[in-house]
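Examination of the molecular architecture
Each chain, letter by letter, is given below.
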Amino acid sequence: MVMFAVNPKQMLGRILSASLVSLTASFTSLISLQVLPTAAFGQAPPASVETKVKVPTTMDTAPFNISRYLKVPPNFSISVYARIPKARFLAVAPNGDLLVSQPTTGKVLIVRSNGSKDPIISDFVTGLRKPHDIVFHTIGSTTYVYISETHQINRFIYKSGDLTAKNRQVVIAGLPDSSTSELKGAYGHELKNIALDNNHKLYVSIASTCNACLKDTVSNPKRGAIYQYNADGSNPRLFAQGLRNAEGLAFLPDTNDFWVAVNNRDNIAYPFNDSTGNYGKIIPSYVDDHPPEEFTQVRDGGNYGWPFCNPNPDTPNGLNNMPFDRDYQFNANGNVNCNAMDRIDKGIQAHSAPLGLTFLQNTNFPSLYSNGVVVGLHGSWNRRKKTGYKVAYFPWKSATKLPGNQIDLVSGWVVTATQEVWGRPVDMAVDKQGNMLISDDYSGTIYKLSYTPPLAQVQVYKDSNFAGVSQSFPTSPGVYKANQGNLSVVGNDAISSLRVPPDTVIRVCTNETGGVCREYSAGNYGSIGDLDNTISFIEVK
């Protein structure tokens, strides 16, 4: 790092400026060496910048009656796009309109952009039984929009610009839900999720009625399973089983590789008859991390263990390709061979509650992230320390066709210090402009996550290594002072790291009238040394 101590009352500024010019080239080279590995290997930066959520005044009711912050990667911003109570699954129409399911009202809403004004929200279809998933799919010259209800799957013929659903066809009827006589109104996971492949096969997740039970494994149709149909609903057959509650269903683009995100069971009993004396007991410290949620590829004829076998993250493989433990409640004697089950490709922290699953390939999302997949983690209800409440990102390994290590793309809907929950993400979709739209059924919000390519701006961060609350300043000459309010966003006028664009010099001081100051030339400064957390005055020279 190159820093220069100056006294603003003396004439050292000219000397320092000359020194800065002579050192800019060598310093820029050093910075390039530091940044190159990330760019060269295409590593997507995780969420690290605590960013104020931009909220139109027309939408600033609770929880946005106070300032809210979410952590996002560098160069991203996040805003409230629409307020829709209990918004669940999303789909972007071919013309760019957004469809949003609202199970509590029996509606699917259409959200249409309205320039700089609030989007226009209207009913696309009403009178449905807890509509949930929405998928656009084209067969020949006809585009359909498929919408799931708890008891059936519909499709509507869609023409670009349609504001209401038309030409309804019920392609699958009689699916089990809480109205099924044998269930007597009890169905814990009756909402249905769907997907269609390149061969025009339709897949329906028929989730479990319970946390863990045997009755779902012998029902007709089986529950905790996925069924395959022709696109018109004909030729039903069991495709895969042992999947407790597969919410996110999606195909890796340009393939028929079928992936699902699964809510796994709760309150698992300790399965090991060892010296701990915990065998068969519900131990909170064990329940906290077991069994992991599941993100896995699903094959035709596969069995993924539930409720007899639970993936074990406590091996050298960690959350990858996990072996199974016998479930104490349903398989303590090993009557079901867990070694014969299909292993789970990738685990997610237990109780994160994965819902939406969206591949980013073939979208306009920023290229550094576009070879990857996002999962909405709705958040825990029975973990001692809350987990989830974020949008997780998995880079995609093209050679192996497997997800890499999970990072956060958006986090902060649970406040770490207080454990306050103010939002619960559900599903994600990418619009034609490359923004990611995120639904939140807890606060009733559709967010827009947007990327802005780095501009020639000075960027300051509250924490070291470009983390924490951020603020940007133009490179045109100007002064930014805490006592005028224009440094308040960085939190108590404190910064710990900064970025200075090319051909720019800034002066940073410890109080509004000067004090101890330093000048910084172009470069990235992960720490600013003894000025850390005492900044009150920034001048762009």
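Not measured: the values here are computed from a predicted model.

**What about the pattern of salt bridges?**
Scanning the model with the defined rule gives 20 salt bridges in all. In this structure, K130 engages E190 in a salt bridge whose closest nitrogen and oxygen atoms are separated by 2.7 Å. Taken as a pair, K130 in the loop between β8 (117–125) and β9 (134–139) and E190 in the loop between β12 (168–172) and β13 (193–196) lie far apart in primary sequence, 60 residues in all. A relative accessible area of 37% means that K130 is categorised as partly exposed. Taking the relative accessible area as the measure of exposure, E190 reaches 7% and is therefore buried. Measuring nitrogen to oxygen at the nearest pair gives 4.0 Å for the salt bridge that ties D266 to R244. Note that D266 is positioned in the loop between β18 (258–262) and α2 (284–287) and R244 in the loop between β16 (237–241) and β17 (246–251), a separation of 22 residues in sequence.

**As for the packing of aromatic side chains**
The description of an aromatic ring pair rests on the distance of the ring centres and on the angle between the ring planes. Evaluated as defined, the whole model comprises 24 aromatic pairs. An angle of 75° between the planes, with centres 5.2 Å apart, marks the rings of Y270 and Y286 as edge-to-face. A residue pair is termed long-range when its members are at least 10 positions apart, and Y270 in the loop between β18 and α2 and Y286 in helix α2 qualify at 16 residues. Residues Y270 and Y286 agree in their burial class; the two are buried. One aromatic cluster is present, built from ring pairs that chain together F76, F365, Y369, Y393 and Y451. Over the aromatic face of F466 sits the side chain of R499, whose NZ or CZ is 3.8 Å from the ring centroid.

**What about unusual backbone geometry?**
In this chain, H290 is followed by P291 through a cis amide linkage whose omega measures -20°. For P291, the position within the fold is in the loop between α2 and β19 (293–297). Residue P307 is bonded to the preceding W306 through a cis peptide linkage, with omega at -5°. Within the fold, P307 resides in the loop between β20 (302–303) and β21 (309–311). Of note in this structure, N267 is not a glycine but carries a positive phi near 50°. Of note, N267 is situated in the loop between β18 and α2. A positive phi angle is found at N362, which is not glycine, with a value near 65°. Structurally, N362 can be placed in the loop between β25 (354–359) and β26 (372–377). Judged by relative accessible area, which is 61%, N362 ranks as exposed.

**Some points on the side chain of D431**
One can find D431 in the loop between β30 (425–430) and β31 (436–440). K448 is the oppositely charged side chain nearest to the buried, salt-bridge-free D431, at an N-O distance of 4.7 Å. Of the polar contacts made by the side chain of D431, one reaches the backbone nitrogen of Q433; its length is 3.0 Å. If sequence neighbours within four positions are ignored, D431 has contacts with V92, N364, L437 and K448.

**Brief notes about the nonpolar core**
Within the largest apolar cluster, 28 residues are counted, with the highest numbers of intra-cluster contacts made by L409, V410, Y447 and L449. Going through the elements one at a time, β3 (69–72), β4 (76–83), β27 (390–397), β29 (407–411), β30, β31 and β32 (445–451) are the ones with two or more residues in this core. Ranked by the residues each element gives to this core, the list is headed by β4, at three residues. Once residues lying within four places of it in the same chain are set aside, the contact partners of L409 are A47, K71, V72, P73, F365, Y369, V374, V391, Y393, M436 and L449.

**What to know about the sheet that holds β13**
An order of β13-β14-β15-β16-β20 is seen for the five strands of this open sheet, with the pairing classed as mixed. The open sheet terminates on both sides in strands that have one partner only, identified here as β13 and β20. Pairing geometry for β16 and β20, over two bridges, is parallel. Counted as the bridge partner of Q241 is N303 from β20.

Cut-offs used in this document
Residues numbered from 1 in each chain as written. Predicted model: local features only at pLDDT ≥ 70, side-chain atom pairs only at ≥ 80, totals over all residues. Heavy atoms only, no water. Salt bridge = Lys/Arg side-chain N within 4 Å of Asp/Glu carboxyl O. Helix = DSSP H or I, 4+ residues; strand = E, 2+ residues; numbered from the N terminus. Buried < 20%, exposed > 50% of the residue type's maximum accessible area, 1.4 Å probe, protein only. Phe/Tyr/Trp six-rings, centres within 6.5 Å; stacked < 30°, edge-to-face > 60°. Lys NZ or Arg CZ within 6 Å of the ring centre and 35° of its normal. Lys, Arg positive; Asp, Glu negative; His and termini not counted. Polar contact = N/O pair within 3.5 Å; in protein donor to acceptor, adjacent residues only side chain to side chain. Contact = heavy atoms within 4.5 Å. Core = buried A, V, L, I, M, F, W, Y, C linked by side-chain atoms within 4.5 Å. Pairing = 2+ DSSP bridges.

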